[in-house]
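# Coordinate analysis (summary)
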Amino acid sequence: MVKHIIVWNLKSDMDDVQKENVKAEIKRGLENLNGRIADMESLKVYDKPMDGSDGDIALECVFKSEEALKMYQGNPDHVKVRDEKIKPYISSRVCFDTHFNE
């Protein structure tokens, strides 16, 4: 199994209302991928960070294999969400991928 974790920070030129709207669109776009990606076991989006968090929004996915993660990264539905709902609004991104046993 492979866990794929992404933490994003939104661009600082947005006000709080814009940030909440962008986070809602990112969450909706990513969650719509559930059930549409082969060998993806789960996908969760966290958009309510606690005080002291270093990110604005996070993604946690579990895949059956490293190959499944690679297929997800090139999946046209994922690429569309990434390019239209995420990239235009993000100032930084941290990715952590790891193998694990359940």
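Calculation rules
Residues numbered from 1 in each chain as written. Predicted model: local features only at pLDDT ≥ 70, side-chain atom pairs only at ≥ 80, totals over all residues. Heavy atoms only, no water. Phe/Tyr/Trp six-rings, centres within 6.5 Å; stacked < 30°, edge-to-face > 60°. Buried < 20%, exposed > 50% of the residue type's maximum accessible area, 1.4 Å probe, protein only. Lys NZ or Arg CZ within 6 Å of the ring centre and 35° of its normal. Helix = DSSP H or I, 4+ residues; strand = E, 2+ residues; numbered from the N terminus. Contact = heavy atoms within 4.5 Å.

Per the stated rule, a full pass over the model turns up one aromatic pair. The interplanar angle of 45 degrees and the centroid separation of 5.1 Å between the aromatic rings of F63 and Y72 together place this pair among those described as tilted. An identical accessibility class is assigned to F63 and Y72; each is buried. A cation over a ring is seen here: K3 above F100, with NZ or CZ 5.1 Å from the ring centre.

Counting through the fold element by element, K27 comes out in helix 1 (residues 16–31). What makes K27 partly exposed here is its relative accessible area of 23%. Here the alpha-carbon distance between K27 and D47, two residues 20 residues apart in the chain, equals 7.4 Å. With residues up to four places along the chain from it excluded, the contact list for K27 reads V45, D47 and I57.

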